[in-house]
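Chain and residue survey
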Amino acid sequence: MSALAALIRRDVRIALRVGGGALIGVLFFLTVTVLMPFAVGPDLALLSRLGPAILWLGALLASLLTLDRLFTADHEDGSLDLIVMSRTPLELACAAKALAHWLAAGLPLIIATPALGLLLNLDGAATFAVALTLLAGTPALTFTGMIGAALAVTMHRGGLLLAVLVLPLSIPVLIFGVAASQAAISGPLSFGTPFSILCALSLISFVIGPFAAAASLRHGLD
Amino acid sequence: MTLTDLANPTRFLALTTRILPWLAGATTVLLAIGLYQSAMAPDDYQQGATVKIMFIHVPNAWLSMFVWGVMSVAALGTLVWRHPLADVAAKAAAPIGAAFTFLALVTGSLWGRPMWGTYWEWDARLTSVLILFLMYLGLIALWRSVEDPSRAARAAAILTLVGAINIPIIKFSVDWWNTLHQPASVFRMGGPTLDKAFLWPLLVMALAFSLLFITLHLAAMRNEILRRRVRSLQMMQASRVAFSSEVGAGSRDGHASNEIGAA
């Protein structure tokens, strides 16, 4: 257990340090959100209708952007090999790394959401709903994205391949995340249904992600 | 003859040389019968002659999912049993599956034009088939991004299995999303209530397309095995050239061209 805690602490500290690059995801999130009004026009009513969708898309792309860092740096300096060979089960180590990545790169996105909600003319309740769905949904993005990151690091290919592999898998999260936010804002659906499914998707990804990522690291690194 | 016997590629090649002509013949005959029956099928009272697109569209859509199933079994073969031909089977199936999916999309869109008045409708089925197509393309991209086939095989196997778990989830989400955003105004084929006049040609066509897939798959597997042999022969030759030029080091400038010519 202490090994996992140490791994989480190390990863969070590396990510938040100079050169860690976790917070660049927030900057990207901000930039995407600012770009949107230029594409659809500065109509505040339209923006508040599209708001949840824009925030979700921005968060999805921002978390995709930082996923690359999940294994690459460790692979380059060799510590990934040590993690693979250590006595801690690799599945747990992968889960710990994903959790650390979410703490460093996912949580800041949710903290930034209220400020971005203001830009998109969302009221307090709507912003809260979007932040809540992001809180429930972004772990699923990180944990399924981890599979792609593990595959990409064993192939020595990051970037585009990672995006192509991960984006189709994140469609359910996007659907239910936006649906839950819309339900909370305008109805007619109850908020509970899509939100429960969103939580279920996160729970499923907690199971599948670490196992698939560990399998891919085990088979791929040599 | 068990699956373990087929682990020897030479035996596999010998077996497929014998059965491929028969498979191709059976496919041709069944396709001819199916197409004739489809052409003879009566027009639908609502859709007219366009209902005949169904006889091509539905088998393609079935196979688009069936091929992913085949690849998932092959992925288990790669990861669990380490069957030497499993990754060949998986690699050969991916482009064929993508082609069936693409044809399902195209025929669906051509069918949608007279029915819905538009080539593309964000209908739940079309949308989930489109996502399946994207996943096939991602898988092919993964295969193509790595040179070493066995390395690519294990990564592709993991992605295939993750996809096999995720595809039902995606399908369910898209269905849910579609009913949320669209009132059910889309014309739906009544699946089980299909008339016998349509059902028989459809079943024959489905069988014919399955045979077509098996034929194409075996042929593609043969090609892949032969391609890998060519690749290893080329690499052996390349290493021989490199080795002989290293042995002749020192006088490399003068003799390099001779040695490469000799090798």
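Residues numbered from 1 in each chain as written. Chains lettered and ligands numbered in written order. Predicted model: local features only at pLDDT ≥ 70, side-chain atom pairs only at ≥ 80, totals over all residues.

Let's talk about the overall build of chain B
A tally of helices and strands in chain B yields seven helices and zero strands. Secondary structure elements in chain B, listed N-terminal to C-terminal, are α-α-α-α-α-α-α. For chain B, buried positions account for 32% of its 263 residues. Across chain B, every contact between residues at least 6 apart in sequence was considered, and the portion connecting residues at least 24 apart equals 77%. (Helix = DSSP H or I, 4+ residues; strand = E, 2+ residues; numbered from the N terminus. Buried ≥ 20, exposed ≤ 12 C-beta atoms within 10 Å, placed from the backbone. Contact = placed C-beta atoms within 7 Å.)

What about the overall build of chain A?
Counting secondary structure elements, chain A contains 10 helices and zero strands. Along chain A, from the amino end to the carboxyl end, the secondary structure elements read α-α-α-α-α-α-α-α-α-α. Taking 17 Å as the expected radius of gyration for a compact globule of 222 residues, we find that chain A reaches 18 Å, a close match to that expectation. Taking the principal axes of its C-alpha atoms as reference, chain A extends roughly 55 × 35 × 30 Å. Looking at chain A as a whole, 50% of its 222 residues are labelled buried. Look at the contacts in chain A between residues 6 or more apart in sequence, and 80% of them connect residues 24 or more apart. (Rg over C-alpha atoms; globule rule 2.2 N^0.38 Å.)

What to know about the UniProt feature "transmembrane region" (unreviewed entry) in chain B
All names here are of chain B. Within this structure's numbering, the places UniProt gives as "transmembrane region" (unreviewed entry) are residues 12-36, 61-81, 93-112, 124-143, 155-177 and 197-219. End C-alpha atoms of residues 155-177 are separated by 31 Å, and the span's content is 100% helix alongside 0% strand. Secondary structure across residues 197-219 divides into 100% helix and 0% strand, with the first and last C-alpha atoms of the span separated by 34 Å. (UniProt positions renumbered as here; feature names shortened; annotations may be inferred.)

Here's the deal with the nonpolar core
In this structure, A90 and A93 of chain B are the most contacted members of the largest nonpolar core, which totals 128 residues. Ranked by the residues each element gives to this core, the list is headed by helix α7 (residues 124-155) of chain A, at 16 residues. If we ignore the near neighbours within four places in the chain, the residues touching A90 of chain B are M71, A74, A75, T78, A153, A156, A157 and T160 of chain B. (Core = buried A, V, L, I, M, F, W, Y, C linked by C-beta atoms within 7 Å.)

Remarks on helix α8 (residues 160-169) of chain A
Considered for burial, the residues of α8 of chain A that qualify are L162, L165, V166, P168 and L169 of chain A. End-on, the buried residues of α8 of chain A take up no more than an arc of 165°, which puts them together on one face. (Arc of directions from axis to C-beta.)

Brief notes about helix α2 (residues 24-40) of chain A
Residues and elements named next belong to chain A. Relative to the 24 Å expected for 17 residues at 1.5 Å per residue, α2 spans 25 Å between its end C-alpha atoms, a close match to the ideal helical length. The inward-facing, buried residues of α2 contact α3 (44-67) and α6 (90-119). One or two positions beyond α2, positive phi appears at G41, with a value near 95°. (Expected span 1.5 Å × (residues − 1).)

Observations regarding the packing of helix α9 (residues 171-186) of chain A against helix α10 (residues 192-220) of chain A
All names here are of chain A. Contact geometry of α9 with α10 gives a least axis separation of 8 Å together with a crossing angle of 150°. By the angle between their axes, α9 is roughly antiparallel relative to α10. Read as a crossing pair, α9 and α10 show a hand that is left-handed. Within the contact between the two elements, α9 uses P172, V173, F176, G177, A179, A180 and A183 and α10 uses P194, F195, I197, L198 and L201. The residue makeup of the contact of α9 with α10, split by class, is 11 nonpolar, one polar and no charged. (Axes fitted to C-alpha atoms, helices over the stretch in contact; angles between N-to-C directions. Parallel < 35°, antiparallel > 145°, perpendicular 65-115°, else oblique. Left-handed = near helix turned anticlockwise from the far one by under 90°. Nonpolar A, V, L, I, M, F, W, Y, C, P; charged D, E, K, R; others polar.)

Quick word on the interface of chain B and chain A
Counting residues at the interface gives 21 residues for chain B and 21 residues for chain A. Where the side of chain B that touches chain A is concerned, the elements lending two or more residues are α4 (124-144) and α5 (149-181) of chain B.

Details of the packing of helix α3 (residues 86-116) of chain B against α4 of chain B
All names here are of chain B. At their nearest, the axes of α3 and α4 sit 9 Å apart, and the two run at 150° to each other. Between α3 and α4, the angle falls in the class roughly antiparallel. In this structure, α3 crosses over α4, and the sense of that crossing is left-handed. The segment α3 lies against α4, with K91, A94, P95, G97, A98, T101, F102, A104, L105 and G108 engaging L126, V129, L130, L132, F133, Y136, L137, L139, I140 and W143. Of the residues contributing to the contact of α3 with α4, the split by class is 16 nonpolar, three polar and one charged.

Re unusual backbone geometry
Despite not being glycine, N121 of chain A has its phi angle at roughly 65°, a positive value. Within the secondary structure, N121 of chain A is located in the loop between α6 and α7. Despite not being glycine, R82 of chain B shows a phi value in the positive range, around 50°. Among the structural elements, R82 of chain B can be located in the loop between α2 (54-81) and α3.

Description of the confidence of the model for chain B
All names here are of chain B. Mean pLDDT for chain B: 81, with 84% of residues reaching 70 or above. Considering only residues more than four positions removed or in separate chains, one finds that residues 251-263, a stretch of pLDDT under 50, has 10 contacts. Taken together, the chains of this predicted complex give a pTM of 0.84 and an interface ipTM of 0.84. (pLDDT = per-residue confidence, 0-100.)

A few points about the confidence of the model for chain A
Mean pLDDT over chain A: 86, with 98% of residues reaching 70 or higher. Least confident of the elements in chain A is helix α4 (residues 69-77) of chain A, whose mean pLDDT is 85; most confident is α6 of chain A, at 90.

Some points on the environment of A153 of chain B
Residue and element names in this part refer to chain B. Topologically, A153 is positioned in helix α5. Exposure remark for A153: the 22 C-beta atoms within 10 Å place this residue in the buried category. Measuring from C-alpha to C-alpha, the distance between A153 and L79 comes to 9.1 Å, with 74 residues separating the pair along the chain. Among residues more than four places away in sequence, those in contact with A153 are T78, D87 and A90.

A word on the environment of V73 of chain B
Residue and element names in this part refer to chain B. You can see V73 is positioned in helix α2. Taking the number of C-beta atoms within 10 Å as the measure of exposure, V73 has 14 and is therefore partly exposed. Sequence spacing of V73 and W111 is 38 residues, and the spatial spacing of their C-alpha atoms is 32 Å.

Description of the environment of W102 of chain A
By the secondary structure assignment, W102 of chain A is in helix α6. Those residues in contact with W102 of chain A, other than ones at most four positions away along the chain, are L107, T138, P139 and T142 of chain A.

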